[in-house]
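Here are the chains, one letter per residue:
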Amino acid sequence: MSTLTPTPGPVRPARRIRSTPGSAPRAQRENPFARASAMIVMGVFTLYFLVPVWWLLVAATKDRAQFTGTNPLWFADFSLFQNIGALVSYRDGVYLKWMLNSALYAGLGALVGTIIAGMCGYALAKYRFPGRELIFNVVLGGVLVPATALALPLFLIFSQISLTNTFWSVFLPSLVSPFGVYLARIYASASVPDELIEAARLDGAGEVRTFFTVSVRMMVPALVTVFLFQFVAIWNNFFLPLIMLRDETLFPVTLGLYGWNSQVNQIPVLRDYVLIGALLSIIPLIIIFLLLQRFWRNGLSAGSVK
Amino acid sequence: MSASTARFTDVPGDTRTARRLAGRPGPRPAKPRVQHKRAILIFVLPFGALFSLFYLVPIGYAIYESLLVIKREGTFGAATEVFGGLSQYVLVFQNGPFWQSVGRVLAFGAVQVPIMLGLALLFALLLDSPLVRGKKFFRLAFFVPYAVPGVIAAIMWGYLYSPNLSPFSAVTQNINFLSADLVLWAIANVVTWVYVGYNMLIIYSALLAIPTELYEAARLDGAGQLRIAWSVKIPLIMPAIVLTAIFSIIGTLQLLAEPQVFRSFSSAVTSTFTPNLTVYTTSSIPNVNLAAAFSVVLALATFVLSFTFLKFTQRKEAQ
């Protein structure tokens, strides 16, 4: 059994049909003690995972006096909207600019990155050409090279061509996702039948057109997964913007909030903005995950099982 | 490599054999001509170019920079970069704070990665067992922290640890999580909080792909959930666990955002707390050549560690 070496087994997207959960005779056989302890474990950890987010939500609805004066885990006067208003008007709405930057870096970057990773993975899966294995192995090595190790040399290179402190210095390096190529290749070889490509060929469709009209559809779960994880990776990226950017108006939201948080001692009002800004910054990701969960759950299993 | 890949590599062999069998004379079969060259180029080139520009070139450039030293004419003279051989690497190996930071993240990884993956495995197995109701809810609830960027998670927990502002001030006033002794583990908790759900989902998806028949038989023989999990499920999902372990090892060695944020909460987090912080601090001195050498050593160490781990687990599986 290998892990990182691709072993695209027989077509796997067909998922096993799960027996209906807790179908009567089966459920009764389970030890009630085991059942209770399992539920207790899950319950305790639900608190562990959700209480910090709950605290943030509550804190974001309070004004400064109540933040320290009232129960931190329950609401006082509801001033969420005043807080948001204050946040977005602070310093000419620089926070909104950061959110927009993050959306651009992550949204556009993940979209373009997914397309090119999908094309490359597809070619590696479906065509035979010299150097194919070499390319794949180099890309696989790229999965193991931490992106942060590249940040400094990238900065040095970009400063040679005076491109630091620009949108492109963060955007362009974010487009590359070796893991995306890996996942796309595995998924393409398992779920795009050769017969289908052959049929498209007989119909006279070009290779590139076949990819974009036929094959892409079968790769959707993998591509959505690649998109999501690259989106998250770019949205969370900290080292690259930290090292590249000086101009505040180019910051992604993570770097902006980090900057505010380190000035809280000098400018106390920033603490309110950091908390409310933190809450607003995690909402887009939660929404995206919820909307696309049907896809990425399938895609995940393709990447990890094989 | 199996099935679909093999199918392709077999093709030329097959035709050759077929030709020979058909008794068709002729010259030695030429090297199989690559079909669809243009399409392949269109598919591979964009990624290939970007990968070369933003992965291979930086790696090469880091190695190049790490071989240079700054030379000055007198004390105030102009600085020029000259070839210095491995002298930056000698400095790296003599640099006490750097190796302390490496030791720190290794200790961090040795404790945090097993705890995080142990929890992720436990939750995945519970979700896959008939013991738990409300699977959809738990799956989502545990995954929510993954949507919180590391920087933001660190800011949140910074407040949660604070002796005065924390909702748990009864605890935090007695135990100072931001002290020199505990802050590393306070950061470990932040990382665990963010990534357990993500790893749980990867392992859980692997569990879902196991055909039910494989352990239905064990069940009928009277094996309990624990036994099935241990003897049937865990061996089958080992590849997924290895994958999560490798990504966790890489992540641990790269630790940067969380400790960087914690510097504003705790003076115990120094500017050389983790290897990546050392790189950042060194490069902003600026001493880019030494920072480049740090980067190269770090990338190499990460690569070797994850690769060794991969080989080690594969050998164990083979046994």
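Summarised in this report is the structure supplied together with it. Predicted model, so just to flag it, every value in this text is computed and none were measured.

1. With respect to the side chain of B:Ser129
Residues and elements named next belong to chain B. Structurally, Ser129 is set in the loop between α4 (96-128) and α5 (135-143). Under the relative-accessibility criterion, Ser129 is labelled buried at 4%. Engagement of the side chain of Ser129 in a polar contact is seen with the backbone nitrogen of Leu131, the distance being 3.1 Å. Other than its neighbours up to four places away in sequence, Ser129 contacts Lys135, Gln225 and Lys233.

2. Comments concerning the pattern of salt bridges
It is possible for side chains bearing opposite charge to pair when their charged atoms get close. Residue and element names in this part refer to chain A. Per the counting criterion, the structure on display carries eight salt bridges over all chains. Of the charged contacts, one joins Asp272 and Arg64 as a salt bridge, the two residues approaching to 3.1 Å between their closest N and O atoms. Within this pair, whereas Asp272 is found in helix α15 (residues 269-305), its partner Arg64 is found in helix α3 (residues 64-69), the two being separated by 208 residues in sequence. When the shortest N-O distance is used, the salt bridge between Arg91 and Glu248 registers 2.8 Å. Taken together, the positions of Arg91 in the loop between α4 (80-89) and α5 (94-126) and Glu248 in the loop between α13 (239-244) and α14 (253-261) put the pair 157 residues apart, joining distant regions of the chain. Assessed through its relative accessible area of 42%, Arg91 is described here as partly exposed.

3. Topic: the pairing of strand β2 (residues 79-83) of chain B
Residues and elements named next belong to chain B. The sheet contact formed by strand β1 (residues 68-72) and β2 spans five bridges and is antiparallel. By the bridge assignment for β2, Leu68 is matched with Phe83. Two successive antiparallel strands, β1 and β2, enclose a turn made up of six residues, where Gly74 displays a positive phi of approximately 70°.

4. Section: the nonpolar core
One finds A:Trp55, A:Tyr95, A:Tyr122, A:Trp260, B:Phe43, B:Trp193 and B:Phe262 to be the most contacted residues of the largest nonpolar core, which totals 185 residues. Composition of this core by domain shows at least three residues from each of domain 1 (26-78) and domain 2 (90-305) of chain A. Dropping the residues within four chain positions of it, A:Tyr95 is found in contact with A:Leu87, A:Val253, A:Leu257, A:Trp260, A:Gly277, A:Leu280 and A:Ser281.

5. Some remarks on the packing of α5(A) against helix α8 (residues 167-174) of chain A
Residues and elements named next belong to chain A. The contact between α5 and α8 brings their axes to 9 Å, and the two run at 35°. Viewed along their axes, α5 and α8 form a crossing whose handedness is right-handed. Between α5 and α8, the contacting residues are Leu104, Tyr105, Leu108 and Gly109 on the first element and Phe167, Val170 and Phe171 on the second. A class-by-class count of the residues in the contact of α5 with α8 yields six nonpolar, one polar and no charged.

6. Some details on α5(A)
Side chains of residues three or four places apart in an α-helix project in the same direction, reflecting 3.6 residues per turn. Taking 1.5 Å as the rise per residue, α5(A) with 33 residues should run 48 Å; its terminal C-alpha atoms sit 47 Å apart, in good agreement. Across the 33 residues that make up α5(A), a large majority, 24, are buried.

7. Quick notes on the interface of chain A and chain B
In this complex, chain A contributes 118 residues to the contact, which on the side of chain B involves 113 residues. Summing the contributions of chain A and of chain B, the shared interface buries around 10500 Å²; its carbon and sulfur component is 74%. Linking chain A with chain B are zero salt bridges, by the criterion used here. Linking chain A with chain B are eight residue pairs in polar contact (both at pLDDT 80 or more). Among the elements that make up the side of chain A that touches chain B, the one with the highest residue count is α15(A) (18 residues). Looking at the side of chain A that touches chain B residue by residue, the classes come out as 77 nonpolar, 23 polar and 18 charged.

8. Quick word on the packing of helix α6 (residues 132-144) of chain A against helix α2 (residues 37-66) of chain B
How two helices sit against one another is set out by the angle between their axes and by the gap between those axes. Where α6(A) meets α2(B), the axes come as close as 12 Å, and the angle between the chain directions of the two elements is 45°. In terms of axis orientation, α6(A) runs oblique to α2(B). Our pair here, α6(A) against α2(B), has a crossing hand that is left-handed. Counting all contacts with α6(A), which are made through A:Ile135, A:Val138, A:Val139 and A:Gly142, the residues of α2(B) involved are B:Val44, B:Phe47, B:Phe51, B:Tyr55 and B:Leu56. Its residues assigned to classes, the contact of α6(A) with α2(B) shows eight nonpolar, one polar and no charged.

Conventions adopted
Residues numbered from 1 in each chain as written. Chains lettered and ligands numbered in written order. Predicted model: local features only at pLDDT ≥ 70, side-chain atom pairs only at ≥ 80, totals over all residues. Heavy atoms only, no water. Helix = DSSP H or I, 4+ residues; strand = E, 2+ residues; numbered from the N terminus. Buried < 20%, exposed > 50% of the residue type's maximum accessible area, 1.4 Å probe, protein only. Polar contact = N/O pair within 3.5 Å; in protein donor to acceptor, adjacent residues only side chain to side chain. Contact = heavy atoms within 4.5 Å. Salt bridge = Lys/Arg side-chain N within 4 Å of Asp/Glu carboxyl O. Pairing = 2+ DSSP bridges. Core = buried A, V, L, I, M, F, W, Y, C linked by side-chain atoms within 4.5 Å. Domains from an automatic or database assignment. Axes fitted to C-alpha atoms, helices over the stretch in contact; angles between N-to-C directions. Left-handed = near helix turned anticlockwise from the far one by under 90°. Nonpolar A, V, L, I, M, F, W, Y, C, P; charged D, E, K, R; others polar. Expected span 1.5 Å × (residues − 1). Buried area = accessible area lost by both parts, 1.4 Å probe. Parallel < 35°, antiparallel > 145°, perpendicular 65-115°, else oblique.

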